[in-house]
Amino acid sequence: MKRYHITAPINLSASISLPASKSTSNRAMIIYSLSGGNMLPQNLSDCDDTNVIIDALRYVPETIDIKAAGTAMRFLTAYLSVMRGTHVLTGTERMKHRPIGVLVDALRHLGAEIEYVGEEGFPPLRITGQTLRGGDLELPGNISSQYISALLMIGPVLKDGLTLRLQGEVISRPYIDLTLWMMREFGADVEWTGPDTIEVKSKPYKPTNYFIENDWSAASYWYEMVALSKDKDAEVRLSGLMDGSKQGDSSVRYIFSLLGVKTIFETKDEGVPQTVTLRKSGRRVPRLEYDFVNSPDLAQTFVVVCAMMGVKFHFTGLGTLKIKETDRIEALKTEMRKLGFVIRDENNSELIWDGERCEPDANAAIDTYEDHRMALAFAPVAMLQSITINNPQVVTKSYPNYWKDLEMAGFEIEVIGDR
C-alpha cells in the first residue's frame, strides 16, 4: 500500500491552476453528445470521473465500466435510455452497492427498457435505448440531485418533453440550477414553473461552443490551507474561477469568510474566469452552524478545518454523505478520532463537535476509503502537523494534479511503500 507523508512549508505563497469543474464537465459532455455537436467543450476536466464519460461517449462499447464514478453511472443510465443500442453499465464493487432504483423506476415510468443484471435496485444495468415519450414524473426532492439532473438532461429529446414535480424538501438545489443553466446554454427550453416543478419542452439542443469554469470544490482545499496556516501573510492565488459562479460549491468563499479567509477577485466582472486571491482576515467565529444540504461535498473540508482550528460546529443537511464513495459520516468520525477529536452524528444527517477530545494516535495514517475527498480534505492538516495519507492516488477522481500542486506550493511529500 502506498502512503504519502506530508510536511507543509512554514510560509504559504502559491499560484495554482485549478482543475476544471468536474460537475460542469460531466454535464457538458452529456448535453454536448445529445446536441450532436462536433466541437468538444473547452477546458474539460481531466479527472477520472469525466474521462470515463468521455470514453463511454466516444467508443460506446457493449459493456461500459464507469469504475467508481457515481455521476457517470447516473448520467449515463439516463443517456443510454434514449440512445439506440443495448449496453451493460457497470462499475467497482462499491458502485454495485450504491442504490440506483429511484432513477431506474423513473426512467421505466417514461418508457425506458432497463434490467438489473445482479441485485435488484443496484448496478450493473442492461439498458436498451429507444425513443421515449416522456411526460409527467414525480420524485422525492430529497434524493441525490444527480438523479434529477440525469432526467432533466434527456428532457429535450423526449417526444412530449418532461414535467418533473419534486415532493418535499429539495436538496442540492444549486446543482439542479447548474444543470438547468447549462441546458439553456445549449438551447433547451426549460424552467422552474413553480417552487417544486420543472418543465422541459421537447426542443432539440443546439451544438454550442462551450467553455468550462475551474472547480470551486477543488478551491476549498486551498482555502483550508490558508485558514490553517500559521503564516499570517499566507496567500494563495487560484486561476479560472468566476464571481457569480453557478457551481454550488462556490459557497465556500462565504463560509470561509467566517473562518478568517477573505476572497479577492481580480476584477468586478461577473461570469468571466479570473484569478482569485485568498488571504487571512484575522477574524473568525468561535462556533459554526451550517446546513450543507446544497453543498454536501464541502462537508469533509469543514469538519477537518473547524476541528483543527478549535471551532466547535453543528453541521446539518448531510443525509447524502452515507451513499457517497464511502459512508462519509462514519469515515469522518473514525479518522478525526485518530487526530484526537470526538465527532458525533445525529439522525444520519448531522455532524457535531462540541470540543470533546481524545488521545490522538501518535502514528496516525488517514485512511481514504477509495474516496478522493478524504485525501483532499485531510492533507491540509499538514499546515499544523505532518500527516500520513493512505492510498493517496484516489485524488485522480477529481483533482489529478493535487499532489504536484502541493509540492509546487512548497510541501514535502515522502512516498512510503509501493512507488
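Above this text you will find the structure in question.
Cut-off values and rules
- Once a new chain begins, its residue numbering starts again from 1 and follows that chain's sequence as written.
- Selection of residues for local features in this predicted model requires a pLDDT of at least 70, selection of side-chain atom pairs for listing and counting requires 80 or more, and totals for whole chains, interfaces and linings are taken over all residues.
- Neither water nor hydrogens contribute to the side-chain values; these are computed over all heavy atoms in the structure.
- The numbering of helices and of strands both runs from the N terminus, where a helix is a DSSP run of H or I of at least 4 residues and a strand a run of E of at least 2.
- With a 1.4 Å probe rolled over the protein chains alone, any residue whose accessible area is under 20% of its type maximum counts as buried; one over 50% counts as exposed, and the rest are partly exposed.
- A 1.4 Å probe and the Shrake-Rupley method give the accessible areas. Residues count as covered only by the protein chains that appear here.
- Counted charges follow a simple rule, with Lys and Arg positive, Asp and Glu negative, and His plus the chain ends left uncounted.
- Taken as the charge location is NZ of Lys, CZ of Arg, CG of Asp or CD of Glu.
- Buried residues of nine kinds, namely Ala, Val, Leu, Ile, Met, Phe, Trp, Tyr and Cys, make up a nonpolar core once their side-chain atoms join them within 4.5 Å.
- Residue contacts follow a heavy-atom distance rule, with two residues in contact if any of their heavy atoms lie within 4.5 Å.
- Between any two strands, at least two bridges found by DSSP are needed for them to pair.
- Using protein atoms alone on a 1 Å grid, points that fit a 1.4 Å probe yet trap it form a cavity, whereas open point sets bounded by protein on both sides within 12 Å along at least five of seven lines form a pocket; residues with an atom within 4 Å of a point count as lining.
- Grid points are joined across faces, edges and corners, and a volume is the space filled by probe spheres set on the points.
- Only C-alpha atoms enter the line fits that serve as axes; for helices the fit covers just the stretch in contact. Angles between N-to-C directions range over 0 to 180 degrees.
- Here the angle decides the label: under 35 degrees means roughly parallel, over 145 means roughly antiparallel, 65 to 115 means roughly perpendicular, and every other value means oblique.
- By definition, turning the near helix anticlockwise from the far helix through less than a right angle yields a left-handed crossing, and turning it clockwise yields a right-handed one.
- Basically, the charged four are Asp, Glu, Lys and Arg, the nonpolar ten are Ala, Val, Leu, Ile, Met, Phe, Trp, Tyr, Cys and Pro, and anything else, Gly included, counts as polar.

A. Focus on the overall build of the chain. Tallying secondary structure elements over the chain gives twelve helices and 20 strands in all. In terms of its C-alpha atoms, the chain occupies a principal-axis envelope of roughly 60 × 50 × 45 Å. Here the chain holds 419 residues, and the buried ones make up 59% of them. For the chain, the exposed surface amounts to about 16700 Å²; the carbon and sulfur share of it is 45%. Taking the average place of the 46 positive charges on the side chains of the chain and the average place of its 55 negative ones, the gap between the two points comes to 2 Å.

B. Main features of the nonpolar core. Among the nonpolar cores identified, the biggest contains 76 residues, and Ile6, Trp222, Phe302, Tyr402, Trp403 and Phe411 are the most heavily contacted of them. With ten residues, the top contributor of residues to this core is helix H7 (residues 216-228). Apart from the residues lying within four places of it in its own chain, the contact partners of phenylalanine 411 are Ile6, Thr7, Ala8, Pro9, Leu12, Met225, Ala382, Met383 and Leu406. In this structure, Ile154, Leu158, Val170 and Leu178 belong to the second largest nonpolar core, which totals 65 residues.

C. Fine view of the pairing of strand S17 (residues 350-353). Judged by which residues are buried, S17 turns out to be covered on both faces: Glu350 and Ile352 on one side and Leu351 and Trp353 on the other are all buried. Relative to S17, strand S15 (residues 312-316) runs antiparallel, the two sharing three bridges. Across the sheet, residue phenylalanine 315 finds its bridge partner in S17, namely leucine 351. The sheet contact formed by strand S16 (residues 344-346) and S17 spans three bridges and is antiparallel. Across the sheet, arginine 344 pairs through a bridge with isoleucine 352, a residue of S17.

D. Here's a closer look at empty space enclosed by the protein. This structure, assessed with the given rule, holds three cavities of 30 Å³ or more. Of the voids in this model, the largest cavity is the one considered here, and its volume is about 360 Å³. Forming the boundary of the largest cavity are 27 residues, of which Lys22, Thr71, Gln146, Asp297 and Lys324 lie nearest the centre. Elements represented by at least two residues in the lining of the largest cavity include exactly helix H1 (22-35), helix H3 (70-81), helix H5 (145-154) and helix H11 (372-378). In terms of residues, the lining of the largest cavity owes the most to one element, H1, which gives four residues.

E. Up close: the environment of phenylalanine 313. For phenylalanine 313, the location among the structural elements is in strand S15. Overall, phenylalanine 313 belongs to the buried group, its relative accessible area being 0%. Beyond its immediate stretch of four places on either side in the chain, phenylalanine 313 contacts Arg287, Leu288, Val303, Cys306, Ala307, Ile343, Leu351, Ile352 and Trp353.

F. Focus on the sheet that holds strand S12 (residues 261-265). The strand order across the open sheet built from four strands is S2-S11-S13-S12, with neighbouring strands paired in mixed fashion. What marks the edges here is a single partner per strand, and that holds for strand S2 (13-17) and S12. Across the sheet, the mean angle separating the axes of adjacent strands is 20° when strand polarity is ignored. With five bridges connecting them, strand S11 (residues 235-241) and strand S13 (residues 274-280) associate as antiparallel partners. Paired with leucine 238 across the two strands is valine 276, which belongs to S13.

G. The arrangement of the packing of helix H4 (residues 101-109) against H5 in detail. Remark: H4 packs on H5, axes separated minimally by 10 Å, with the N-to-C direction vectors making an angle of 25°. Considering the angle they form, H4 stands roughly parallel to H5. The hand of the H4/H5 crossing is right-handed. Between H4 and H5, the residues in contact are Val102, Leu103, Ala106 and Leu107 and Tyr147, Ala150, Leu151 and Ile154, respectively. Taken together, the residues of the contact of H4 with H5 sort by class into eight nonpolar, no polar and no charged.

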